[in-house]
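Residue-level structure breakdown
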Amino acid sequence: MLVRAITAPGLRRWCRGRRGEAAACFPLGRALLGVRGAEAAVFLQGLLTNDVTRLVAEGDAPAALYAHALNVQGRCLYDVILYRLHRSTAEEPHILLECDSSVLDSIQKHLKLYKIRRKVSITPCPELSLWAVIPGDTSSLPKCADQALLLTPDPRAEVMGWRLIAKKGANVSEIIPGSQVGDVQDYHRHRYKQGIPEGVKDLPPGVALPLESNLAFMNGISFTKGCYIGQELTARTHHMGVIRKRLLPVSFPEPLPCAAVPEGAEILTQAGKRAGKFRAGGGELGIALLRLAHLHEPLCIRLAGDTLRLRATTPEWWPKAAAK
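Read on for an overview of the structure. Residue numbers here run from 1 along each chain, matching the order of that chain's written sequence. Since the coordinates come from a predicted model, pLDDT governs what is reported: local features require at least 70, and pairs of side-chain atoms require 80 or more to be given and counted, while whole-chain, interface and lining totals use all residues. Derived side-chain values reflect all non-hydrogen atoms in the structure, with water molecules and hydrogen atoms excluded from consideration.

1. Observations regarding the environment of E232
Segments assigned H or I by DSSP are reported as helices when at least four residues long, segments assigned E as strands when at least two residues long, and all are numbered from the N terminus. As for its position among the elements, E232 is in helix α6 (residues 231–240). Sequence spacing of E232 and G74 is 158 residues, and the spatial spacing of their C-alpha atoms is 7.1 Å.

2. Description of the sheet that holds strand β12 (residues 266–269)
Pairing is antiparallel around the closed barrel formed by six strands, whose spatial order is β11-β14-β13-β12-β15-β16. Pairs of neighbouring strands in the sheet enclose a mean axial angle of 40 degrees, with direction left out of account. Here, strands pair whenever DSSP counts at least two bridges between them. Judged from the two bridges that link them, β12 and strand β15 (residues 299–303) form a sheet pairing that is antiparallel. Residue pairing for β15: L268 is matched across the bridge by C300. Contacts were defined at the residue level, with two residues in contact if any of their heavy atoms lie within 4.5 Å. Think of each axis as a best-fit line through the C-alpha atoms, taken over the contacting stretch in the case of a helix, with angles from 0 to 180 degrees between the N-to-C directions. The sheet strands contacting helix α5 (residues 184–194) are β11 (245–251), β13 (274–282) and β14 (285–291), and the helix crosses β14 at an angle near 30 degrees.

3. Notes on the sheet that holds strand β3 (residues 64–70)
Spatially, β3-β4-β5-β2-β6 is the arrangement adopted by the five strands of the open sheet, whose pairing is antiparallel. The two strands at the open ends of the sheet, each matched to only one other strand, are β3 and β6 (121–124). Direction aside, the axes of adjacent strands within the sheet are offset by 30 degrees on average. Relative to strand β5 (residues 94–99), strand β4 (residues 76–84) runs antiparallel, the two being bridged by four bridges. From the neighbouring strand, R84 faces β5, where its bridge partner is I95.

Function cannot be inferred from these measures alone, as they are strictly geometric.
Structure representation (structure tokens):
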């Protein structure tokens, strides 16, 4: 199956336009689930924050959507990206669901719990591989490459480049001529620098709140769709318009005395007030849930007698008034 194939010459033109700078392709350890059937979109619509029916709408339907699955208390269970594999409304809806591989079994159980009698099949797709593609100029990359199942802009933010789905074992240098396979840790460093959460470490199941996790900034929620699990708290928070904490990128200006900062470590102000909690990171970069009131204050983490200073920043891709 090929979705909106673009010929290799188009890719060569794109590579020439980068003036010798190669695209970096990162192999991701995320899992893929196939959700297929006449009621696939309607089924997912009641479980996810975004308007999944857009994937089966007539006209210019998006190729990918970002969303969260919430529990009944309105807290995040799973962060997912949905991909549309069917090419028209005349075809049976076929949606791929990307999730953290560590929760693959639990998300299958979650989906099957609500499937009931709907005409939907839910199957893992171990024969497929998932890649993140981070080019320097995302505006000129084609929407799909020859030999690829799907190549589409990451729906969360332009700074995250593209998502590539191909057959397991596919040669990405043939799919994107001139590209290079990168270290996945560099991908995680890139998203931490941009403040993009991904997976259970950044979004602890049953703990993270969707709006504090910047779901609205990342095009992951519809406030006009019908009911879904966890909607009540999310809608109330949105209409109140008051979000006091958000996930923010943080950096440590000094070398770390330990291998890594513990997940959930308390972040304090210089005066000793609680400012938030460190979620996860790699090296000197990470992501933390912080009170916006302390965003511009000196911050630190105290570990075993050491004081680790850190700095929080507001991502450039955020709406201008977001941190006010």
